[in-house]
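# Working through the structure, step by step
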Amino acid sequence: DAWIWGALAALLALGVARAFQLAWVCDDAFISLRYAENLVAGHGLVYNPGERVEGYTNLLWTLWLAGLLRVGVDPIRAAEGSGIAAWAGLALWLARASWLRSRAPGRAFLPLAAALVLLCADFQVWATGGLETSLFCLLVAAGLLATRDAGESRARPWLAGGLLALAVLTRPDGLLFAAAGMASWWMPPDGLTARERRRAALATGLPVALVLAAVVAERTPVEPKPLF
């Protein structure tokens, strides 16, 4: 497998270089950057100071950018570099999944999905853009793959749930993939009993439910109470 990992490393280096060459930031990315900058400046998660309007749909990405801005990273470089890092992480996670499956008898290590992600022009372009696209792809793919490679590990459903919960925080449509992750425990082959499937599905769904509860609670306005 050493020569395959070597070839994949070469593809990764070429792909990352190409992604940096194509790096760009779309108009919508500046919405997240504006919120991140105001948060770092102490105005809160707002577009304009004093106006609490939620104009973003990528909370986790916006908070991540705010963290980078807080330590002095240039906003554009923060958006571009984070996207490329997440895209490279997606390719490596897919390669890892292929390698784990190759350990079964009669299976060869062929990281085709990882290679396609690195070679596909659309992936190279959208590795940046300044938006959460690459991060969302990484979290969704990692979360769904965790449900398929569980084996006997009781921790893996929780890992899947945590990753899918982060995907929900990254984009609202992550809920669709979280539902798919829970349903995937009923897909063969994994040799689980009906009770184990239910337990794994609940473990996957609980982190997502907790995230949703926290988000709803944060968004629920508090009605002022009369003093008398």
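Each remark here, short or long, concerns the structure printed above.
This section reports on the structure supplied with the text. (Residues numbered from 1 in each chain as written. Predicted model: local features only at pLDDT ≥ 70, side-chain atom pairs only at ≥ 80, totals over all residues. Heavy atoms only, no water.)

## Side note on the overall build of the chain
- Per the secondary structure count, the chain includes ten helices and zero strands.
- Sequence-ordered secondary structure for the chain, helices as α and strands as β, is α-α-α-α-α-α-α-α-α-α.
- Seen through its principal axes, the chain has C-alpha atoms that stretch 75 × 50 × 25 Å.
- A buried classification covers 40% of the 228 residues belonging to the chain. (Helix = DSSP H or I, 4+ residues; strand = E, 2+ residues; numbered from the N terminus. Buried < 20%, exposed > 50% of the residue type's maximum accessible area, 1.4 Å probe, protein only.)

## Let's talk about the packing of helix 8 (residues 155-170) against helix 9 (residues 174-183)
- At a closest axis distance of 8 Å, the pairing of helix 8 and helix 9 adopts a crossing angle of 160 degrees. In terms of orientation, helix 8 and helix 9 fall into the roughly antiparallel class. For the pair helix 8 and helix 9, the crossing hand works out as left-handed. Contacts between helix 8 and helix 9 involve L164, A167 and V168 from the former and G174, L175, F177, A178 and G181 from the latter. (Axes fitted to C-alpha atoms, helices over the stretch in contact; angles between N-to-C directions. Parallel < 35°, antiparallel > 145°, perpendicular 65-115°, else oblique. Left-handed = near helix turned anticlockwise from the far one by under 90°. Contact = heavy atoms within 4.5 Å.)

## What about a nonpolar patch on the surface?
- Nonpolar side chains collect at one region of the surface, where L110, L112 and L116 lie side by side and expose about 330 Å² of accessible area between them.
- Assignment of secondary structure puts L116 in helix 5 (residues 112-119). (Patch = residues over 30% accessible without salt bridge, like charges linked within 9 Å, V, L, I, M, F, W, Y side chains within 5 Å. Areas by Shrake-Rupley, 256 points an atom, 1.4 Å probe, with all protein chains shown as cover. Salt bridge = Lys/Arg side-chain N within 4 Å of Asp/Glu carboxyl O.)

## Section: the packing of aromatic side chains
- Under the counting rule described, the total for this entry stands at five aromatic pairs.
- Look at Y35 and Y56: their rings are 5.0 Å apart centre to centre, the planes differ by 80 degrees, and that puts the pair in the edge-to-face class. Remark: Y56 occurs in the loop between helix 2 (29-40) and helix 3 (59-70) and Y35 occurs in helix 2; sequence separation between them is 21 residues.
- Residue classification places Y56 among the buried residues on the basis of a relative accessible area of 12%.
- Each residue in the set Y35, Y47 and Y56 is aromatic and connected to the rest through ring pairs, giving one cluster.
- One cation-aromatic arrangement involves R34 over Y47; the distance from NZ or CZ to the ring centre is 4.6 Å.
- The side chain of R96 reaches across the aromatic face of W93, ending 5.3 Å from its centre. (Phe/Tyr/Trp six-rings, centres within 6.5 Å; stacked < 30°, edge-to-face > 60°. Lys NZ or Arg CZ within 6 Å of the ring centre and 35° of its normal.)

## A look at the pattern of salt bridges
- Counted by the stated rule, this structure contains three salt bridges.
- Salt-bridge contacts for E80 lead to R77; the nearest nitrogen and oxygen are separated by 3.4 Å. Taken together, the residues E80 and R77, both in helix 4 (residues 75-102) and three residues apart, mark about one turn of the helix.
- In this structure, D173 and R171 form a salt bridge, with 2.9 Å as the shortest nitrogen-oxygen distance.
- Relative accessible area serves as the criterion here: at 29%, D173 is assigned to the partly exposed category.
- The network of salt bridges with shared partners includes E132, R171 and D173.

## Focus on a positive patch on the surface
- Together, R154, R195, R198 and R199 line one region of the surface with positive charge.
- Within the element layout of this structure, R154 appears in the loop between helix 7 (133-148) and helix 8.
- Residue classification places R154 among the exposed positions, given a relative accessible area of 69%. (Lys, Arg positive; Asp, Glu negative; His and termini not counted. Charge placed at Lys NZ, Arg CZ, Asp CG, Glu CD.)

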